[in-house]
2 protein chains.
Amino acid sequence: MQRISAQPLTAGAFAPFGDVLAFDGAPDRLINGGSCRRYHDRARLDFGDGQVGISLFHAEPRTLPHTFDLVERHPSGSQAFVPMSLHPFLVIVAPDQGGIPGAPLAFLTGAGQAVNLHRGTWHGVLTPLHAPGYFAVIDRIGPGGNLEEFTYETPWQVVGTPV
Amino acid sequence: MQRISAQPLTAGAFAPFGDVLAFDGAPDRLINGGSCRRYHDRARLDFGDGQVGISLFHAEPRTLPHTFDLVERHPSGSQAFVPMSLHPFLVIVAPDQGGIPGAPLAFLTGAGQAVNLHRGTWHGVLTPLHAPGYFAVIDRIGPGGNLEEFTYETPWQVVGTPV
């Protein structure tokens with residue numbers, strides 16, 4: 001088993017894999033008479049020949065250390081995960097190395113952070129660390145499989161302390 | 001001032017205005033080896049000649065009773081509000097009556113409920129009842145105004161008890 005440390009989720013570190021949506025810095029617009037700050041159009045969405053849909057995911061909470069050997073990717077579209085609670089969750093991603101995933105990285109979100117995985121990014125399954133594990137998912141709706149899975153020969157273990 | 005009572009948000013009562021996204025009933029699919037329940041493609045999205053985007057809204061929390069006189073609508077696209085906390089929020093909508101809004105209705109969400117306003121639905125501004133007031137918004141990105149506002153001659157007051 002190989003061990004990796006969960007790191008805080010930042011836009012810079014996550015850039016090769018997707019977008020971090022967060023309430024950092026100045027909003028792009030003030031709306032509703034100044035009572036609402038709009039951070040505008042923050043995800044690079046790509047649904048190929050499909051359409052966009054909003055689904056809800058109710059995922060089983062996990063604990064750290066978290067052991068996994070399975071990752072997956074969606075070749076036909078991006079996939080955004082919006083937590084419907086303030087709890088942190090774990091985001092596992094891996095670079096592509098000639099069609100298979102390389103060594104994974106693990107990120108720990110903070111309150112008010114969502115992620116959008118770019119089309120084709122290898123990632124672990126949805127991994128909340130607290131009940132109830134409620135998420136909205138914005139991804140491609142359309143025909144075709146749109147799922148590739150890969151199982152590492154040796155499992156990985158993510159260690160870290162949730163905020 | 002006219003008074004209206006906030007009612008619990010249900011799909012049936014909200015149907016004339018939009019979709020309720022919620023973890024009610026059986027999921028459409030079990031994914032990730034059974035560890036995640038997917039409620040699939042639950043919003044009637046419509047972005048007209050525009051594209052879809054994900055934005056974040058940081059809205060000022062309000063309290064009940066809540067007085068308002070302004071509603072708005074987006075003639076060119078639907079608009080979904082996903083709370084990024086488990087707190088309830090207030091959803092104010094109104095039927096269209098020949099181009100202007102009729103008497104408004106107020107709904108109070110529960111944990112794990114999001115809404116998608118159908119294209120052209122009159123609605124109040126985003127009204128969280130708890131800090132921090134974090135939401136993800138899935139709406140139309142594109143040219144043109146896409147905003148109509150209407151101010152009622154007599155203000156409305158929403159009464160109710162948040163869950």
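Residues numbered from 1 in each chain as written. Chains lettered and ligands numbered in written order. Predicted model: local features only at pLDDT ≥ 70, side-chain atom pairs only at ≥ 80, totals over all residues. Heavy atoms only, no water.

J.: Looking at this model, I keep getting lost on unusual backbone geometry. Mind explaining?
T.: Backbone phi values are negative for most residues with the exception of glycine, while trans is the configuration of most peptide bonds. The step from Leu64 of chain B to Pro65 of chain B runs through a cis peptide bond, and the omega angle for that step is -5 degrees. On the secondary structure map, Pro65 of chain B appears in the loop between strand E5 (51-59) and strand E6 (66-73). The omega torsion across Ala131 of chain B and Pro132 of chain B is 5 degrees, close enough to zero to call that bond cis. In this structure, Pro132 of chain B sits in the loop between strand E14 (127-128) and strand E15 (134-141). In this structure, Asn32 of chain A is a non-glycine residue whose phi angle is positive, near 55 degrees. Residue position: Asn32 of chain A is located in the loop between strand E3 (29-31) and strand E4 (36-39). Phi angles above zero are rare outside glycine, and Asp41 of chain B is one such case at about 55 degrees. In this structure, Asp41 of chain B sits in the loop between strand E4 (36-39) and E5. Since its relative accessible area comes to 31%, Asp41 of chain B is described here as partly exposed. (Helix = DSSP H or I, 4+ residues; strand = E, 2+ residues; numbered from the N terminus. Buried < 20%, exposed > 50% of the residue type's maximum accessible area, 1.4 Å probe, protein only.)

J.: Sorry, what's going on with the sheet that holds strand E5 (residues 51-59) of chain A here?
T.: Two pairing modes exist for strands in a sheet, parallel and antiparallel, and in both the strands are linked by backbone hydrogen bonds. Pairing is antiparallel in the open sheet, where seven strands are placed in the order E2(A)-E12(A)-E7(A)-E15(A)-E5(A)-E4(B)-E3(B). Edge positions in the sheet fall to strand E2 (18-21) of chain A together with strand E3 (29-31) of chain B, since each of these pairs with one other strand and no more. Across the sheet, the mean angle separating the axes of adjacent strands is 25 degrees when strand polarity is ignored. For E2 of chain A and strand E12 (residues 114-117) of chain A, the ladder comprises four bridges, and the chain directions are antiparallel. When the bridges of E12 of chain A are listed, Leu21 of chain A appears paired with Ala114 of chain A. (Pairing = 2+ DSSP bridges. Axes fitted to C-alpha atoms, helices over the stretch in contact; angles between N-to-C directions.)

J.: What should I look at first to understand the environment of Pro75 of chain A in this one?
T.: Residue and element names in this part refer to chain A. Here Pro75 shows up in the loop between strand E6 (66-73) and strand E7 (79-83). Of the residues examined, Pro75 reaches a relative accessible area of 36% and is grouped as partly exposed. Along the chain, Pro75 and His118 lie 43 residues apart, while their C-alpha atoms are 9.5 Å from each other. Here Pro75 is in contact with Arg119, Gly120, Asn146, Leu147 and Glu148, once residues within four sequence places are set aside. (Contact = heavy atoms within 4.5 Å.)

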